[in-house]
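# Observations on the model geometry
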Amino acid sequence: MTEAELKAIAIFSQKANAKDKPNNSKILELESGFFEPHAEIRLDGLSHKCGDEIHDSSPKAELPLQDSMQGSYLGLSYSNDEVQATLDSLNAIYEKHNFDAIKTLTAETLAQGKVVGWHQGRCEFGPRALGARSILGDPRNTTMQKTMNLKIKYRESFRPFAPSVLDFAINEWFECDYISPYMLLVAPVKREKCYPLTKEQKELFGIEKLNIVRSEIPSVTHIDYSARIQSVHKDTNPRYYALIEKFYKLSGVPVLVNTSFNVRGEPMVCSPYDSYACFMGTEMDMLVIEDFILYKEKQPKEHIAKFRDIKDKYELD
């Protein structure tokens, strides 16, 4: 296959993935159900593999449906020994904690408005970060979307982010009664969590209109008050669930901003080295790899210079 053909497939896949999300949600509104919202769709630029199960015109199944793919965490994982060996080889400065301390320190950092790189267990299979290789933030923060776009992802400030929400709280925060473990479905933010626009706000245009605080979770609320949801389940990702649960206890919000652990133009990180390089090459504040925590201000200054050119490799889309 030629380079031009590969590029064409990649462009098609990206467009198809963007268009699928609202359509997937619309399908659920049909009376004769034939779609399972837990089905994974893989769009990696080289293939389009749908896990959708097609049924006849039997009555719509009761929701929420079960996640028969169990999260699709099918990629590589790294032991604490492997992580420590990599960090030592880089002369990185780190702390090692048990997971109770990890989730507490991470949740507290997020509640302070800081950005965290989260690397836990096996990588995700598919197009979305699902809490194994994720960059996380506080959805209440009115500037988090802009910060994560400009200083972490190195892309335009208006690009939207998705919420990870604890499974029991989906219907409390969003207008939906189904699970969405693969971040493939879109639903409105619950009306009582939203702020109506004033007359002056309705007259705004462009970036000014996009920057309006529309809800209690503005960093994941789109211009039309919708959100692309990931429901998080204790049985498929217990560590990520426990982190959001701890953040919920601190903030009263069972939601985190979740975006893929990468910068524009690069694939999601996989190895501990990948995660450290992306962490040092961006303006993330904390990195968590398995049982290790790293703070940006404690890292060798020469590492910032070594990895910071990551943002200069790619032009804006």
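From a predicted model like this one, the values you see are computed outputs, not experimental measurements.

Turning our attention to the overall build of the protein chain. The secondary structure content of the protein chain amounts to 10 helices and 11 strands. Burial analysis of the protein chain (317 residues in total) assigns 49% to the buried set. Here the contacts in the protein chain between residues at least 6 apart in sequence split such that 69% fall between residues at least 24 apart. Surface exposure of the protein chain reaches about 15,500 Å², of which carbon and sulfur atoms provide 52%.

Here the focus is the nonpolar core. It is characteristic of soluble globular proteins that their nonpolar side chains tend to be buried jointly. Among the nonpolar cores identified, the biggest contains 65 residues, and Phe174 and Tyr276 are the most heavily contacted of them. If one sorts the elements of this core by residue count, helix α8 (residues 238–251) sits on top with 6 residues. The contact partners of Tyr276, leaving out residues within four places of it in the chain, are Leu87, Leu90, Ala92, Leu287, Leu294, Gln299, Pro300, His303 and Phe307. Ranked by size, the runner-up nonpolar core spans 7 residues in total, among them Ala162, Tyr182, Met183 and Leu184.

Turning to the packing of aromatic side chains, a few remarks are in order. Inspection of every chain in the model, using the stated rule, returns 5 aromatic pairs. Seen from their ring centres, Tyr94 and Phe292 are 5.4 Å apart, and the 85° between their planes marks the pair as edge-to-face. Separated by 198 residues along the polypeptide, Tyr94 in the loop between α2 (80–89) and β3 (95–96) and Phe292 in strand β11 (residues 292–295) bring together distant segments of the chain. Note on Tyr94: relative accessible area 23%, which makes it partly exposed. Relative to Phe307, the ring of Tyr273 lies with its centre 6.2 Å away and its plane at 65°, an arrangement referred to as edge-to-face. Of the two residues, Tyr273 sits in helix α9 (residues 272–281) while Phe307 sits in helix α10 (residues 301–307), which places them 34 residues apart along the sequence. For Tyr273, a relative accessible area of 38% translates into the label partly exposed. Judged by relative accessible area, which is 7%, Phe307 ranks as buried. Taken together, the ring pairs connect Tyr273, Tyr276, Phe279 and Phe307 into an aromatic cluster. Sitting over the face of the ring of Trp173, Lys193 holds its NZ or CZ atom 4.1 Å from the ring centroid.

Pairing is mixed across the open sheet formed by 9 strands, whose spatial order is β3-β11-β10-β4-β5-β9-β6-β8-β7. Each edge of the sheet is formed by a strand with only one pairing partner; in this case those strands are β3 and β7 (185–188). As paired elements, strand β6 (residues 162–166) and strand β8 (residues 226–232) share 3 bridges and run parallel to each other. Paired with Ser164 across the strands is Gln230, a residue of β8. On top of the sheet, α2 reaches β3, β10 (286–289) and β11; it is set at about 25° to β11, its chief contact.

Attention shifts here to the pairing of β7. Of the two faces of β7, the one holding Leu185 and Ala187 is buried and the one holding Val186 and Pro188 is not buried anywhere. Inspection of the sheet shows β7 paired to β8 by 4 bridges, in the antiparallel sense. Residue pairing for β8: Pro188 is matched across the bridge by Ser226.

A separate point is the side chain of Glu290. With respect to the element layout, Glu290 can be found in the loop between β10 and β11. The charged side chain of Glu290 is buried without a salt bridge, its nearest counter-charge being Arg239 at 4.3 Å. Leaving out residues up to four positions away in the same chain, Glu290 has contacts with Tyr78, Asn80, Val83, Ile102, His119, Gln120, Gly121 and Arg239.

Attention now moves to the pairing of strand β4 (residues 116–119). Going residue by residue along β4, you find Val116 and Trp118 tucked away on one face and Gly117 and His119 tucked away on the opposite face as well. In this structure, β4 lies alongside strand β5 (residues 133–137), joined through 4 bridges in antiparallel fashion. Bridging across to β5, Gly117 finds its partner in Ile135. In the sheet, β4 pairs with β10 via 4 bridges, with the strands oriented parallel. Paired with Gly117 across the strands is Leu287, a residue of β10.

Rules of the game
- Residues numbered from 1 in each chain as written.
- Predicted model: local features only at pLDDT ≥ 70, side-chain atom pairs only at ≥ 80, totals over all residues.
- Heavy atoms only, no water.
- Helix = DSSP H or I, 4+ residues; strand = E, 2+ residues; numbered from the N terminus.
- Buried < 20%, exposed > 50% of the residue type's maximum accessible area, 1.4 Å probe, protein only.
- Contact = heavy atoms within 4.5 Å.
- Areas by Shrake-Rupley, 256 points an atom, 1.4 Å probe, with all protein chains shown as cover.
- Core = buried A, V, L, I, M, F, W, Y, C linked by side-chain atoms within 4.5 Å.
- Phe/Tyr/Trp six-rings, centres within 6.5 Å; stacked < 30°, edge-to-face > 60°.
- Lys NZ or Arg CZ within 6 Å of the ring centre and 35° of its normal.
- Pairing = 2+ DSSP bridges.
- Axes fitted to C-alpha atoms, helices over the stretch in contact; angles between N-to-C directions.
- Lys, Arg positive; Asp, Glu negative; His and termini not counted.
- Salt bridge = Lys/Arg side-chain N within 4 Å of Asp/Glu carboxyl O.

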